[in-house]
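Structural characterization, general
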Amino acid sequence: ELPPSEFMQVADSTWLVLSVVSNGREPPGCQATGVTKIARSVIAPLAEHHVSVLMLSTYQTDFILVRERDLPVVIHTLAGEFDIYKEESGECVPVPCDDVSNGFLKPKPAASPTLHPVQSPQTRFCVLTVAPDTLPAIATMLIDVLFYSHSPPWDAATGSQDLDSITFFSFSLIEGYISIVMDAETQKRFPSDLLLTSSTGELWRMVRIGGQPLGFDECGIVAQIAEPLAAADISAYYISTFNFDHALVPEEGIAEVIQLLQQRQESSR
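Residues numbered from 1 in each chain as written. Predicted model: local features only at pLDDT ≥ 70, side-chain atom pairs only at ≥ 80, totals over all residues. Heavy atoms only, no water.

**A word on the overall build of the chain**
- Each helix and strand counted, the chain has six helices and 14 strands in total.
- Buried positions account for 41% of the 269 residues belonging to the chain.
- Within the chain, counting contacts between residues at least 6 apart in sequence, those at least 24 apart form 76% of the total.
- Carbon and sulfur atoms make up 52% of the accessible area of the chain, which totals about 15,600 Å². (Helix = DSSP H or I, 4+ residues; strand = E, 2+ residues; numbered from the N terminus. Buried < 20%, exposed > 50% of the residue type's maximum accessible area, 1.4 Å probe, protein only. Contact = heavy atoms within 4.5 Å. Areas by Shrake-Rupley, 256 points an atom, 1.4 Å probe, with all protein chains shown as cover.)

Laid out in structure tokens, this is it:
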């Protein structure tokens, strides 16, 4: 419904959403388990079959977006380990693997993925949720942060922001559940009694993947980050965006994460 505009870029693919739940049930209000929990079972197999994914962690759960044209490959890849359901009229209906066998194309061997640089700004982030009925109380502040707050200056010479204080604010509303990621300084502008977080109130640091916009045809970007973190049992909150990918990890583990990712890059050269 948005009017065409020279200022709006639209990816040429349409995407479908996969949610991974335990035992077919998702406890209401549960907090995201993190991309590393599904690294070996979902993300790595899809990367091996050359399926590009967008990853979206929220406060409640994790979602994987795949291109609609890749669905036959996705189902064949995951059917051995998962029961797969599709939503029809609000009901979950099992998807037999045979349903897509005619459209299944054996994937070409995936080329070695490009090793993208990782950067870690000093900014500390919070992962939060808000009760839907209290959202109107912070709506004005949300609008100000989203559309009117000043961003750090963009360096045209290097094509990047000053990573000492990166601007990052994520708001998602999915089936009534709200999830927000904001830096610790921005959080101070909101009423503290309306923002809900984990009982530990932990802060997160970010690893940003990519020195330039990544595009949507490349696969294995999420796997490059998720697999080494999963092997080290480090949880991560992962958000793919139009230009870059971002992994949030608990603040106390950022040094270990950077070391792990640097070792991964050096061993792959």
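Now that the structure has been shown, the text picks up again.
**Focus: the pattern of salt bridges**
- The full count for this structure, using the stated rule, is five salt bridges.
- E88 is the salt-bridge partner of K86, the closest N and O atoms lying 3.3 Å from each other.
- Between D144 and R189 there is a salt bridge, with its nearest N and O atoms 2.3 Å apart. Note that D144 is positioned in helix α3 (residues 135-148) and R189 in the loop between α4 (184-187) and β12 (204-209), a separation of 45 residues in sequence. (Salt bridge = Lys/Arg side-chain N within 4 Å of Asp/Glu carboxyl O.)

**Points about unusual backbone geometry**
- One non-glycine residue, H50, lies in positive phi territory at about 60 degrees.
- Residue position: H50 is located in the loop between α1 (39-48) and β2 (53-57).
- You can call H50 partly exposed: its relative accessible area is 37%.
- Despite not being glycine, E175 shows a phi value in the positive range, around 50 degrees.
- As for its position among the elements, E175 is in the loop between β10 (170-174) and β11 (177-183).

**Points about the packing of aromatic side chains**
- The final tally for this structure, using the stated rule, is two aromatic pairs.
- For the pair F125 and F168, a centre-to-centre distance of 6.1 Å together with 85 degrees between the ring planes defines the contact as edge-to-face. Of this pair, F125 sits in strand β7 (residues 124-128) while F168 sits in the loop between β9 (160-161) and β10; the two residues are 43 residues apart in sequence, bridging distant segments of the chain. Like F168, F125 is buried.
- Taking the ring centre of F244 as reference, the NZ or CZ of R208 above it sits at 4.3 Å. (Phe/Tyr/Trp six-rings, centres within 6.5 Å; stacked < 30°, edge-to-face > 60°. Lys NZ or Arg CZ within 6 Å of the ring centre and 35° of its normal.)

**Focus on the nonpolar core**
- Membership of the largest hydrophobic core comes to 34 residues, with the highest contact counts inside it found for V35, I43, L46, M55, L229 and Y238.
- If you list the elements that add at least two residues to this core, you get α1, β2, β3 (62-67), α2 (71-78), β12, α5 (221-231), β14 (245-250) and α6 (254-268).
- Here the element with the most residues in this core is α5; it accounts for seven residues.
- One finds L128, V145, M182 and L195 within the second-largest nonpolar core, a separate group that totals 14 residues. (Core = buried A, V, L, I, M, F, W, Y, C linked by side-chain atoms within 4.5 Å.)

**Focus: the side chain of D183**
- For D183, the position within the fold is in strand β11.
- Summary of buried charges: D183 has no salt-bridge partner, and the nearest side chain of opposite charge, R189, is 7.8 Å away.
- Polar contacts involving the side chain of D183 include one to the main-chain amide nitrogen of T186, which spans 2.8 Å.
- What D183 contacts, discounting residues up to four positions off in sequence, is T123, R124, F125 and F168. (Lys, Arg positive; Asp, Glu negative; His and termini not counted. Polar contact = N/O pair within 3.5 Å; in protein donor to acceptor, adjacent residues only side chain to side chain.)

**Let's talk about the confidence of the model for the chain**
- Averaged over every residue, the pLDDT of the chain is 83; residues scoring 70 or more account for 82%.
- Below pLDDT 50 for its whole length, residues 153-159 participates in six contacts with residues either more than four positions away or in separate chains. (pLDDT = per-residue confidence, 0-100.)

**A look at the packing of α1 against α5**
- The contact between α1 and α5 brings their axes to 10 Å, and the two run at 150 degrees. As judged from the angle between their axes, α1 and α5 are roughly antiparallel. Once α1 is placed against α5, the crossing between them reads as left-handed. Each of A39, R40, I43, A44 and A47 in α1 lies in contact with α5, whose residues at this interface are V222, A223, A226, E227, A230 and A231.
- Across the contact of α1 with α5, the residue classes break down as nine nonpolar, no polar and two charged. (Axes fitted to C-alpha atoms, helices over the stretch in contact; angles between N-to-C directions. Parallel < 35°, antiparallel > 145°, perpendicular 65-115°, else oblique. Left-handed = near helix turned anticlockwise from the far one by under 90°. Nonpolar A, V, L, I, M, F, W, Y, C, P; charged D, E, K, R; others polar.)

**Quick look at the environment of R264**
- Here R264 shows up in helix α6.
- Placed 37 residues apart in sequence, R264 and E227 show a C-alpha to C-alpha distance of 9.9 Å.
- Among residues more than four places away in sequence, those in contact with R264 are A223, Q224, E227 and P228.

**So, α3**
- With 14 residues, α3 extends 19 Å between its outermost C-alpha atoms, agreeing within 8% with the 20 Å of an ideal straight helix rising 1.5 Å per residue.
- In the structure, α3 departs most strongly from a straight axis at M141, where the bend amounts to approximately 35 degrees.
- On its buried face, α3 is in contact with β10, β11 and α4. (Expected span 1.5 Å × (residues − 1). Bend = angle between axes of the 7 residues up to and from the residue.)

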